[in-house]
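# Descriptive structure summary
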Amino acid sequence: MPAFPAAARAALADSQLRRNLAHATGTIRAKRAAVVAEVDEWEELRLAGAAIKDNTLRHLDEHLLTLEAALQERGATVHWARDAAQACEIVAGIAKNHHVDEVVKVKSMATQEIGLNEALAEQGITAWETDLAELIVQLGDDLPSHILVPAIHRNRAEIREVFRRRMAAAGRPAPDDLTDEPAELAGAARLHLREKFLRAKMAVSGANFAVADTGTLVVVESEGNGRMCLTLPEVLVSVVGIEKVVPTWFDLDVFLQLLPRSSTGERMNPYTSTWSGITPGDGPQEMHVVLLDNGRTRALADSVGRQALRCIRCSACLNVCPVYERTGGHAYGSVYPGPIGAILNPLLKGVGVDEQTDSLPYASSLCGACFEACPVRIDIPEVLVHLRSQVVDAHRGGAPKPEAVAMKSAAWVLSDARRLTFAERGMGAAGKALNRFGRAVLPGGRRAVRRLPWPASLWTGARDLPAPPAESFRAWWRRTGRR
Amino acid sequence: MKVAVLVTCINDTMFPDTGKAVFRLLRRLGVDADFPEAQTCCGQPMVNTGYLDEAVPVVRAFTDAFAGYDYIVTPSGSCAGSARHQHSLVARRAGEPRLAETGPKVYELSEFLVDVLGVTDVDAYFPHRVTYHPTCHSLRMLGVGDKPLQLLRAVRGLDLVELPAAEECCGFGGTFAVKNADTSTAMGADKARHVRDTGAEVLVAGDNSCLLHIGGLLSRERSGVRVLHLADVLASTEEDA
Ligand code: SF4
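Residues numbered from 1 in each chain as written. Chains lettered and ligands numbered in written order. Predicted model: local features only at pLDDT ≥ 70, side-chain atom pairs only at ≥ 80, totals over all residues. Heavy atoms only, no water.

As named in an unreviewed UniProt entry, chain B is (Fe-S)-binding protein, taken from Amycolatopsis carbonis.

As recorded in an unreviewed UniProt entry, chain A goes by the name Lactate utilization protein B, listed as coming from Amycolatopsis carbonis.

## Thoughts on the overall build of chain A
Assigned secondary structure in chain A consists of 23 helices and 13 strands. In terms of overall dimensions, chain A has a C-alpha envelope of 90 × 55 × 50 Å along the principal axes. Burial analysis of chain A (483 residues in total) assigns 55% to the buried set. Within chain A, residue pairs in contact and separated by at least 24 positions form 73% of the contacts whose partners lie at least 6 positions apart. (Helix = DSSP H or I, 4+ residues; strand = E, 2+ residues; numbered from the N terminus. Buried < 20%, exposed > 50% of the residue type's maximum accessible area, 1.4 Å probe, protein only. Contact = heavy atoms within 4.5 Å.)

## A short note on the sheet that holds strand β2 (residues 71-74) of chain B
Note: strands within a sheet are paired through backbone hydrogen bonds, in either parallel or antiparallel orientation. All names here are of chain B. Spatial strand order, β1-β2-β3: three strands in an open sheet with parallel pairing. Looking along the sheet, the strands with just one partner apiece sit at the ends: β1 (3-5) and β3 (106-108). The average angle at which neighbouring strand axes cross in this sheet is 30°, direction not considered. Judged from the three bridges that link them, β1 and β2 form a sheet pairing that is parallel. Paired with A4 across the bridge in β2 is I72. (Pairing = 2+ DSSP bridges. Axes fitted to C-alpha atoms, helices over the stretch in contact; angles between N-to-C directions.)

## Remarks on the pattern of salt bridges
Taken as a whole and judged by the stated rule, the model has 48 salt bridges over all chains. The closest approach of N and O atoms between D182 of chain B and R9 of chain A, which form a salt bridge, is 2.9 Å. Of this pair, D182 of chain B sits in helix α10 (residues 181-198) while R9 of chain A sits in helix α1 (residues 4-12), placing the two residues on different chains. Among the ionic pairs, E54 of chain B bridges to R396 of chain A, the shortest N-O distance being 3.0 Å. Residue E54 of chain B is found in helix α4 (residues 52-66), and its partner R396 of chain A is found in the loop between α19 (380-394) and α20 (402-414); the two belong to separate chains. (Salt bridge = Lys/Arg side-chain N within 4 Å of Asp/Glu carboxyl O.)

## Some thoughts on the interface of chain A and chain B
Contacts between chain A and chain B engage 67 residues on the former and 64 residues on the latter. When chain A packs against chain B, close to 5700 Å² is buried across both sides, 59% of that on carbon and sulfur atoms. Joining chain A to chain B, the criterion identifies 13 salt bridges. The partner of E372 of chain A in a salt bridge is R140 of chain B, with the nearest N and O atoms 3.3 Å apart. (Buried area = accessible area lost by both parts, 1.4 Å probe.)

## Concerning the side chain of K53 of chain A
Residue and element names in this part refer to chain A. Its location among the elements puts K53 in helix α3 (residues 42-58). E243 provides the closest opposite charge to the buried, unpaired K53, separated from it by 6.7 Å. With residues up to four places along the chain from it excluded, the contact list for K53 reads E243, K244, F255, L309, R310 and I312. (Lys, Arg positive; Asp, Glu negative; His and termini not counted.)

## Section: the UniProt feature "domain: LUD" (unreviewed entry) in chain A
The UniProt entry lists residues 68-292 of chain A under the feature "domain: LUD" (unreviewed entry), expressed in the numbering used here. Along residues 68-292 of chain A one finds 42% helix and 21% strand; the C-alpha atoms at either end are 13 Å apart. (UniProt positions renumbered as here; feature names shortened; annotations may be inferred.)

## Considerations on the packing of α3 of chain A against helix α12 (residues 249-263) of chain A
Residues and elements named next belong to chain A. Where α3 meets α12, the axes come as close as 10 Å, and the angle between the chain directions of the two elements is 120°. The orientation of α3 relative to α12 falls into the category oblique. Of the two elements, α3 crosses α12, and the hand of that crossing is left-handed. Across the interface between the two elements, W42, L45, R46, A48, G49, I52 and K53 from α3 touch D251, V254, F255, Q257, L258, R261 and S262 from α12. Residues that form the contact of α3 with α12 fall into these classes: seven nonpolar, three polar and four charged. (Parallel < 35°, antiparallel > 145°, perpendicular 65-115°, else oblique. Left-handed = near helix turned anticlockwise from the far one by under 90°. Nonpolar A, V, L, I, M, F, W, Y, C, P; charged D, E, K, R; others polar.)

## Side note on the sheet that holds strand β12 (residues 447-449) of chain A
Residues and elements named next belong to chain A. Spatial strand order, β11-β12-β13: three strands in an open sheet with antiparallel pairing. Edge positions in the sheet fall to β11 (440-441) and β13 (465-466), since each has one partner strand and no second. Relative to β13, β12 is paired through two bridges, and the arrangement is antiparallel. Its bridge partner lying in β13, V449 is registered against L465.

## As for the UniProt feature "domain: Cysteine-rich" (unreviewed entry) in chain B
Residue and element names in this part refer to chain B. UniProt's entry tags residues 3-80 and 130-214 with the feature "domain: Cysteine-rich" (unreviewed entry), counted in the numbering of this structure. Taken end to end, residues 3-80 is 56% helix and 9% strand, and its two terminal C-alpha atoms sit 15 Å from one another. Secondary structure across residues 130-214 divides into 51% helix and 13% strand, with the first and last C-alpha atoms of the span separated by 15 Å.

## Here we look at the site of the ligand
As a structural note, the neighbourhood of the ligand is formed by 13 residues, with C311, C314, S315, C317 and C374 of chain A the closest of them. Counted by class, the shell around the ligand contains 11 nonpolar, one polar and one charged residues. (Near = heavy atom within 4 Å.)

## Some thoughts on the nonpolar core
Generally speaking, nonpolar side chains in soluble globular proteins are found buried as a group. All names here are of chain A. F163, I340 and I343 are the most contacted members of the largest nonpolar core, which totals 135 residues. For this core, the leading source of residues is α19, giving seven residues. In contact with F163, other than residues within four places in its own chain, are L132, L135, I136, L139, A174, L178, L185, A188 and A189. (Core = buried A, V, L, I, M, F, W, Y, C linked by side-chain atoms within 4.5 Å.)

## A few points about the side chain of R46 of chain A
Residue and element names in this part refer to chain A. For R46, the location among the structural elements is in helix α3. Separated by 3.1 Å, the side chains of R46 and E43 make a polar contact. There is a polar contact of 2.7 Å between the side chain of R46 and the backbone oxygen of F371. Excluding residues that lie within four positions of it along the chain, R46 makes contacts with L258, F371, E372, C374, P375, V376 and R377. (Polar contact = N/O pair within 3.5 Å; in protein donor to acceptor, adjacent residues only side chain to side chain.)

Structure representation (structure tokens):
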């Protein structure tokens, strides 16, 4: 995956993609704003959400042990996975024990994070996504580009094409006369999926929350397909990030208010499924929970960055982010795109290791819209700046990059007024020359530069630059004897 | 009340007229403000790009220059925000708590006028059709709210038109403008389009850095729209017209 600026350039050139994204994010943004405005105590709810998560994270070890004990008591098997490979191995092992070669899946970010579908495929096990948007992405051999709406970058006509060309190879084919009407597309998906729900022996899910004291897993969704997976198969495996734990049902209450309004702009999720262990003769008769670390304890150890573990994956920050709106999710090179992806990936993986991860904290103008929208008050701009300093520090020593040289010289000039005065004299001379020869004139009469060589071309590629004034402010102040 | 003006490095070197306008305006309102000549920069370019060690001597120079003032006024929401919220980061890095002490005394111009001086009508005259862009740091880091608009509405002759999608970032973002130049200009192009849609002659904002970016795009598009800092508008009088 290329670093963000290069990937973004490719995405920006796709005008269809930009139209789809602007339309979709604009629609969800307006819906969210309207339902959030209905709640008088929204700010108190946000504070409560943040506080519950922070308190839980502070004693994460204890809450996880409580969760484990409660799950076991109700007949579930608990597994601990240090990283992606270990988690995938555990899930594949369970599938093999039951001799299944296909599983149905509830939409889950954790299983995407660990690349579970690909890992299962290597073992000859096919994993079918049952969320409508995930199905579109899977059939289209595409990558998700949004946490909540993975196919946000696709329009209706494109979805119809994907269904017509690819459904047959994956099971029940799309009807011949399929149009791009949303109801018809959904109908085709429903019939296609129903066949798989009824056949599958094993299902894989994630969890939005895990309530420690009762050993309850929670999944919220809009379509009900997840509920089919959670109830029909004999074996249910849930891969759960260790930060998903909440101590009690009272805590859950806060998040079930924050999440739907922030994510889909609904007052309540159409489907909220909760399950605790096994009930003989009803639902899955074998239940496994894989508690996943995969970099979470690393993030927890970062005193500024740990707030990212409060994230409830609502995707509000994506929908308000002006950078995401223009580049889409693929440019972030990760299942977690947008502002949260820009901090979560470096926190989970560590910085200074690869260029792509190191480019993510810079994929933001620091406008702060994400912080304003986040239901659990993650100060994403603060974490971005903090991670930028980690990236810079990781590259200290060794041959300095041009940027480091530029920053060091700028800091040298800017840490002493005499040096700055001297630099301004040089700029003033350049300004005088430009005033004589500069071609462009800005409204108001000031001369401007149209084209400069690299690296200044990064600015003048698209923007005119006013010529520096002949006299700086401080020179004027001295000359006119204002001091 | 001892008042200093933080002109900011970008205004000092690129937009000296804005610095002059702040002094003209404050004098008209009876405030005798200083320009501490030892001032340079708030350190934001280094902090926001991740160069915290490099920011330390810059913030030290800032702290030395402004020590002893009750209020520090600046025609920049961004630099006010940086001083108030980021100097503590630098102080921690340097192990020098005093580097965090001056930041909280920094006020963005509209905040100083409305909250400290208690004026919204500064007796200005500017007979033009104007639209206003609330820069992100004024809007979100400082929360200046509609103070700049209150001030603009009181300007005689000024025809204020609403900017569509005003609260969306223009895409400048300091070094973001060059590190992610393509995304930055895509965002700026949308902002410039909204500005053109208003039919305003002048785009006003509280940060010349954002205006440098939007103005650069508007000029490249030969839109004819002029960009001007809030201070320049508020300092204008009948004699200037
Ligand atoms: S960071 Fe906040 S806004 Fe973004 S997905 Fe997570 S909870 Fe939602």
